[in-house]
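Per-entry structural report
Each chain is listed here by its residues.
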Amino acid sequence: MRSSSVFTIPPGHSTWIDSSYYVSTQVLAAALDVTMEVDWVDLVVAVRSADRLPVFQRLERERRRSLALGTSAPTVPAYDYQLRPNVADGAVLDWRLTSSTRDPFNASGVELGLGIQLLGGSLDARHTERTTAVGRLHSTLVSWNKAWPQHKWLRQFALGDIASTGWRRRLVRGVSISNSPFLRPSSFADQWLVGTLPAGWEVELYHNKRLVGFTVVDDTELYRFQVPVRYGQNPLDVVAYGPNGERLITRRTFVVPPNRLPGGQFEYGISGGECQNQCQGALNVDTWYGITSELSIRAGSDFFLRDSLPDLWHPYGIVAFAPARSLSITMQAVLDGFIEGQFSFTPTPDFELQLQHTEFMSDATQPIIASQLLERQLRGYLFWRPGKTDRAPFLQLRAQRSETATATFDAARLSATALIPVGRLEVGAEQSGERFSGQPGRSRRVIDARGAIVLRGPTPLFRSTFIHAGIGFDPDSGLARINAGIGRSISRELRLELESGWQRGITGFNAQIGITATLPTMRAISRNTYNEATGVQGQQLIEGSILWDQQYRRFDFADGRSLGRAGISGEVFVDANGNGVRDPDETGFPDLQLRLGSRRVRTDSLGRFSTWDFVPFESLLLEIDSLSIDTPLWVPARPLMTVSPGPNSFTYMQIPLVQAGEVSGNAVFEDSNVPAGGLRLVLEDRQSGLTVSTTTFSDGAFFLLGLRPGSYELRVDNEQLRQLDMDSPPVEVVIDPSDGRIVIEGIMLRVGRAP
């Protein structure tokens, strides 16, 4: 622990006895950096501040591991709630009004969207009217789509004005089919993390600061973890403990870009229809396959039919490869379009390097995929955090070069950012320039500083107030720009933002004001800007949604876009006869909390609930919070349920609470009929494997309350029987409200000697 310290042992504080070296508690306390108090009467040594000692740290690690990685309870089986099929259900009306501050009558817009659930899919119609200086513009888009997440070969079908399939989507009026997920899951696959350490070291693995693994290095001096990674960055901390109190922290990361698929997964997409711009017709055929979790290939073709210009045919291929955990390489080629390569190196969360180079090679007139002006483009990004914590300062570098046949454009920015307890500070330098053939190049440089903080007090007026400011200097001409702003939520519904600044040679002095009002029925946003060059400019927006709940025959409202989304409504009731259906004489259960996915909702005084804005077609987990049930006499008939809500409608559910069972009895020793007190009893649900435990009283009696109907096995804990060298046959317990078997009494558990 203190290997760099030198201690002088005073005379009389150490001695050798039979080849063993002894030191006094004074010397030992100084060496270990602790305080020792000796009780010579009881011969007890009390050690103060001992939490730094390796033995105590080891005990704390073992406790933490047992809590985080201990044997988990059996998973509660989720009941798949079967929905009643309807030809048509629900309705959603989206509306949005926009207008210009300067000319609200000649620069305004109206957008209306109407959606219903039809044949299990989403039928949407959107109409837009815009008034501009050049005249009146309008468009109408109609589409129908449906998803089957559990199917393997057909997961999506869309008809009408839809997004095409392929690596670059565009709007077409036609049809598409695909087996790609409607909502791609965030989980990717399990990846191996391997490292080397001396034998005997203990290694903990933290994923996003959560303990997910533990191992001990064996004689091969290798440790390995199987890590479930997700798309995006997966920061890992490997914490290793040596036998002598050493502690070593290593930061690692897995990065999974969105262009890779798990090994063995195949996806396809086919779409075709009329183009909305640049062409008359478009057809796409796309295939995507994960050969392994590290290698994915994608191939397909785009075909564009044009009237007065030659048609375009663009076969393409994409290879995404991860030769190592920290490397990611992507190569993409489009015939008569471009060739592009991407390189990413991310060994730890503290370092990231990205490079991208694109060569355009199209000879087509007015190309759709390739660039008509650019010949090549190079982009780079570097992130480096010298410190080893997430709050340490970091550096960022962004650079880009674009080349045409006659010019070259460069831009770069280097910045250093420091995170402070209430915000962040950034200092940076920018340089940009261009060079034209036969002309001298021009460049611009700016050195700037930016900062943003969130006030925490001292009075409620300044609490949670966001303030930001920035200043920039041109080394040649002096001050280039300056700005400052403040934002604060006036109430839960209203937020105000103010900003002002000055920029040399472009806008001069400018001021901005923004107001956002979020009400239960609508949302209003106002953004207005004043500058010396153009005067006052701005835009106002008001939008909302009207929702029709067909089951309850009522309208509901939302504050944003709701077309294509889903809702859930229903009622929680006391199921007195246990038939799972709410009868006229059965009452609702008020003020009960439910968890739907990541949301929480409470029932009203009649046991009803309603919530909106879920992704349709995807399975959603519904759970009743048992702590919100104020009586142990009733329990949920099914603690977990899954439901797949339909689009543009409220999915109606009936959730029953059933009468809870009671089990009581006695445990005795078989030979003497002496009460068996202090026994651990286990009641196991035979269907789900869930267990409930209790301990017998001193007289051998036991009592269990709040049991869900079902078939159970009641037994003495097997580990305790082994320790006592005893045996006890289990007892079957059946709780069935339909037969009146709610209170089960008089159960006798007999404990005898093991055979």
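The coordinates are above.
Counting of residues starts from 1 at the beginning of each chain's written sequence and follows it residue by residue. Where totals are concerned, whole chains, interfaces and linings use all residues; where local detail is concerned, this predicted model gives features only for residues with pLDDT of at least 70, and gives and counts side-chain atom pairs only at 80 or more. Excluded from the side-chain calculations are hydrogens and water; all other atoms, namely the structure's heavy atoms, are used.

This paragraph deals with the environment of Glu274. Only DSSP runs of H or I reaching four residues or more are called helices, and only runs of E reaching two or more are called strands; each is numbered from the N terminus. Secondary-structure assignment places Glu274 in strand S18 (residues 266–275). Here the term buried applies to any residue with accessible area under 20% of the maximum for its type, exposed to any over 50%, and partly exposed to those in between, with areas from a 1.4 Å probe on protein chains only. By relative accessible area, which is 43% here, Glu274 ends up partly exposed. Sequence separation between Glu274 and Ile329 is 55 residues; the distance between their C-alpha atoms is 35 Å. The contact criterion used is simple: two residues touch if any of their non-hydrogen atoms lie within 4.5 Å. With residues up to four places along the chain from it excluded, the contact list for Glu274 reads Val172, Arg173, Gln280 and Gly281.

Looking now at the sheet that holds strand S50 (residues 726–727). Paired strands, as defined in this entry, are two strands with at least two bridges between them according to DSSP. Here four strands make up an open sheet; going across it, the order is S48-S45-S52-S50 and the pairing mixed. The open sheet has two edge strands with one neighbour each: strand S48 (701–707) and S50. As paired strands, strand S45 (residues 661–669) and strand S52 (residues 743–753) are joined by seven bridges and run parallel to one another. Note that in S52 the partner of Val668 across the bridge is Arg750.

Note on definitions: salt bridges are taken to be side-chain nitrogens of Lys or Arg within 4 Å of carboxyl oxygens of Asp or Glu. Under the definition given, this model contains 44 salt bridges. Of the charged contacts, one joins Glu719 and Arg722 as a salt bridge, the two residues approaching to 2.5 Å between their closest N and O atoms. With Glu719 and Arg722 both in helix H3 (residues 718–724) and three residues apart, the pair spans about one turn of that helix. For Arg722, a relative accessible area of 58% corresponds to the exposed category. Each of Arg96, Glu111, Arg130, Arg523, Glu543 and Arg561 takes part in salt bridges that share partners, so that together they form one network.

Here we take up the pairing of strand S9 (residues 135–147). Sheet topology note: the strand S8 (residues 121–132)/S9 ladder contains 11 bridges and is antiparallel. Of the residues in S9, the one forming a bridge with Asp124 is Ser143. Taken together, S8 and the strand that follows it, S9, pair antiparallel across an intervening segment of two residues. Relative to strand S10 (residues 156–163), S9 runs antiparallel, the two being bridged by five bridges. What sits directly across from Lys146, in S10, is Phe157.

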